[in-house]
Amino acid sequence: MKQKYKITVADIEMNILSDATAEEVEATVNKVDRRIREICLRSPRITKSEAILLCALEFCSERDMAAKERGTADEEFEKLKEENARLADNISKLESKLEAQKEKYEAEIAAQKEKYESAASIQKEKDEERIQIMKEKYEARINSLKAKCDELKKGGAAASRQVRMELDADTVEPEEKKDESDAGSPEKAEATDTGQPADDAKKEPRGKGKSRVGSMFELLTFNDV
């Protein structure tokens, strides 16, 4: 709402209407009055009216310049707004591209993980099957050995000799072949020259070459039975 103010500028009184407050009107009046007095002091030959006109021209020039600068600032502001919008659009496109790339990599990782887990599961099943077969095999072997031990305990010396003979059959045969290959050795010739029978010469190496397994079973038989 406009209000009426009585002001004095350059010793000239007047009434004005303004929407500004009394403090704002007073500040503007003091600024104009001070500027007019500065012009009069700087140029003593000009009249007060000319000083008022110069002050008005100066203020109008400053206002036009400020408006021009404001227009330039507004243009720069609009340009910056457009640049920000363009950058925001580019950022949105980059985010969409990164999201698509992320989904692609995650799908590849999931497929690769599933592939490795499937291969590991198959290998695990094979290993478990192999372990089970070996376990059954060794359990059967252990049960067989336990049965033979029980047979030895129940059958006495005759059974122990039978089992020992079965075990010696697998180990003594190579000794016999070795004795046959050593038939022409000096030890064999010496045994022939001394008149010892050939069977005795064969029996002695066989007794000496008794397998360690046979001795262990013999020891187990006669000590435990």
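Remember, predicted model here, so these are calculated numbers, not experimental data.

### As for the confidence of the model for the chain
Any region with low pLDDT has predicted coordinates that should not be read closely. For the chain, the average pLDDT comes to 76, and 68% of its residues sit at 70 or higher. Per-element averaging of pLDDT across the chain places helix 3 (residues 186-193) at the bottom with 44 and helix 1 (residues 22-42) at the top with 89. Contacts of residues 183-225 to residues separated by more than four positions or lying in other chains number 32 contacts, the stretch itself having pLDDT below 50.

### Remarks on the pattern of salt bridges
Counted under the stated rule, the structure contains nine salt bridges. The residue R37 makes a salt bridge to D11 at a minimum N-O spacing of 3.5 Å. Of this pair, R37 sits in helix 1 while D11 sits in the loop between strand 1 (3-9) and strand 2 (12-18), placing them 26 residues apart in sequence. The exposed category is assigned to D11, whose relative accessible area is 55%. The residue R37 makes a salt bridge to D33 at a minimum N-O spacing of 2.9 Å. In this pair, R37 and D33 both sit in helix 1, four residues apart, roughly one turn of the helix. The class for R37 is partly exposed, based on a relative accessible area of 42%. A residue is classified by how much of its surface remains accessible, and D33, at 16% relative accessible area, is buried. Through salt bridges with shared partners, a single network forms among D11, D33, R37 and K48.

### Quick notes on the nonpolar core
Y5, I7, V9, A10, V25, V29, I36, I39, A51 and C55 together form the largest nonpolar core, which totals 10 residues. Elements with a contribution of two residues or more to this core: strand 1, helix 1 and helix 2 (48-181). Top element by residues in this core is helix 1. It accounts for four residues. Ignoring anything within four residues of it in the chain, the contact list for I7 reads I12, E13, M14, I16, V25 and V29.

### Considerations on the environment of D19
Mapped onto the elements, D19 comes out in the loop between strand 2 and helix 1. Residue D19 is classed as exposed on the basis of its relative accessible area of 52%. Considered as a pair, D19 and Q3 are 16 residues apart in the sequence and their alpha carbons are 6.3 Å apart. Ignoring any residue separated from it by four or fewer positions in sequence, one finds D19 in contact with M1 and K2.

The rules we used
- Residues numbered from 1 in each chain as written.
- Predicted model: local features only at pLDDT ≥ 70, side-chain atom pairs only at ≥ 80, totals over all residues.
- Heavy atoms only, no water.
- pLDDT = per-residue confidence, 0-100.
- Helix = DSSP H or I, 4+ residues; strand = E, 2+ residues; numbered from the N terminus.
- Contact = heavy atoms within 4.5 Å.
- Salt bridge = Lys/Arg side-chain N within 4 Å of Asp/Glu carboxyl O.
- Buried < 20%, exposed > 50% of the residue type's maximum accessible area, 1.4 Å probe, protein only.
- Core = buried A, V, L, I, M, F, W, Y, C linked by side-chain atoms within 4.5 Å.

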